[in-house]
Amino acid sequence: MDEIKKAAFVQKQPRTEEDLALINAQALRELKAEEVFVFRLAACDDQVDRDNERFTLSTLDRLAELFVGRTVLMDHQWSARGQTARIYAAGVEEHGGIHRLVLRAYMLRMPETESVIGAIEGGILREVSVGCAVKRALCSVCGADKARKACGHQPGQTYDGQMCHVDLDQAEDAYEVSFVAVPAQPRAGVIKQYGGEGTPRSDAALSLALARQSLEELRYGGNFT
Ligand SMILES: [Zn+2]
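The rules we used
- Residues numbered from 1 in each chain as written.
- Predicted model: local features only at pLDDT ≥ 70, side-chain atom pairs only at ≥ 80, totals over all residues.
- Helix = DSSP H or I, 4+ residues; strand = E, 2+ residues; numbered from the N terminus.
- Contact = placed C-beta atoms within 7 Å.
- Buried ≥ 20, exposed ≤ 12 C-beta atoms within 10 Å, placed from the backbone.
- Pairing = 2+ DSSP bridges.
- pLDDT = per-residue confidence, 0-100.
- Core = buried A, V, L, I, M, F, W, Y, C linked by C-beta atoms within 7 Å.

Examining the overall build of the protein
Then, in step 1: The number of helices and strands found in the protein is 5 helices and 10 strands.
Then, in step 2: The contacts in the protein between residues at least 6 apart in sequence include a share of 72% that link residues at least 24 apart.

The following block contains the structure:
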């Protein structure tokens, strides 16, 4: 299936000895605690989201494995200076019955990264887009894999009292994580396509725009205030 983009939010991450050991598993030389800045990203969960999609728990578990070692790209406003962060640990955390993928990332504290770290700490840079791919997009009404075949059920529509949603299943790959600018365009009237036989291919730019748009309304998680 095409790449899926989902919103994530920066949160504070206390830096423990365990974190430092995991970070050093990614680095070529031994890094000291004062050399690294760490943060965490509250990413996708197993609840039906505003795209009428949810990740299955086994998919979240597998994505946690796939994301370790992936880079975190900066918004284009910052990327020219070459700052980057890397995911050094990931896991699925459960709060109130909701299972969420949480990614832990680190950056090196250097003169070149001072401004971007300041922007993350200050809550200026906090909206993130997480890219991944799954093998199956299962219709909750009839069980059809929408990635292969259009079944006719529209996610978000109700059939016999049951709201149709899509179960994103079997993680295929984890892509980069990017800080994003929050756009102003509303997403009214857009219906997502999955690219299965019988439907038009989905548009990657549209998917990203929808993921970015969803950032505006989701306001869970903390920042650095
Ligand atoms: Zn269906």
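With respect to the pairing of strand β2 (residues 36-45)
Then, in step 1: Judged by how many residues are buried, β2 sits mostly within the fold: 9 of 10 residues are covered.
Then, in step 2: Note that β2 and strand β6 (residues 98-108) share 8 bridges and pair antiparallel. Across the sheet, the residue bridging to Arg40 is Arg104, located in β6.

A few points about the confidence of the model for the protein
Then, in step 1: Mean pLDDT over the protein: 83, with 76% of residues reaching 70 or higher.
Then, in step 2: Taken together, the stretch residues 216-225 has pLDDT below 50 and engages in 17 contacts with residues farther than four places along the chain or on a different chain.

Quick look at the environment of Glu93
Then, in step 1: Considering the arrangement of structural elements, one finds Glu93 in strand β5 (residues 85-95).
Then, in step 2: With 32 residues separating them in the primary sequence, Glu93 and Asp61 have C-alpha atoms 9.8 Å apart.
Then, in step 3: Discounting chain neighbours no more than four positions away, the residues touching Glu93 are Arg100 and Val102.

Some remarks on the environment of Gly69
Then, in step 1: Within the secondary structure, Gly69 is located in the loop between α2 (57-67) and β4 (71-73).
Then, in step 2: By C-beta crowding, Gly69 is classed as exposed, having 12 other C-beta atoms within 10 Å.
Then, in step 3: When residues no more than four places from it in sequence are discounted, the contact partners of Gly69 are Gln26, Arg86 and Ile87.

Brief notes about the pairing of strand β10 (residues 166-179)
Then, in step 1: Sheet analysis places strand β3 (residues 53-55) next to β10, joined by 3 bridges and oriented parallel. Note that in β10 the partner of Phe55 across the bridge is Leu168.
Then, in step 2: As paired strands, strand β7 (residues 127-139) and β10 are joined by 10 bridges and run antiparallel to one another. Following the sheet pairing, Val134 is matched in β10 by Ala171.

Focus: the nonpolar core
Then, in step 1: Leu41, Ala43, Leu101, Leu103 and Ala105 are the most contacted members of the largest nonpolar core, which has 50 residues in total.
Then, in step 2: If you list the elements that add at least two residues to this core, you get β1 (4-12), β2, α2, β5, β6, α4 (114-121), β7 and β10.
Then, in step 3: Filtering out sequence-adjacent residues up to four positions away, Leu103 remains in contact with Arg40, Leu41, Ala43, Phe67, Ile87, Ala90 and Val177.

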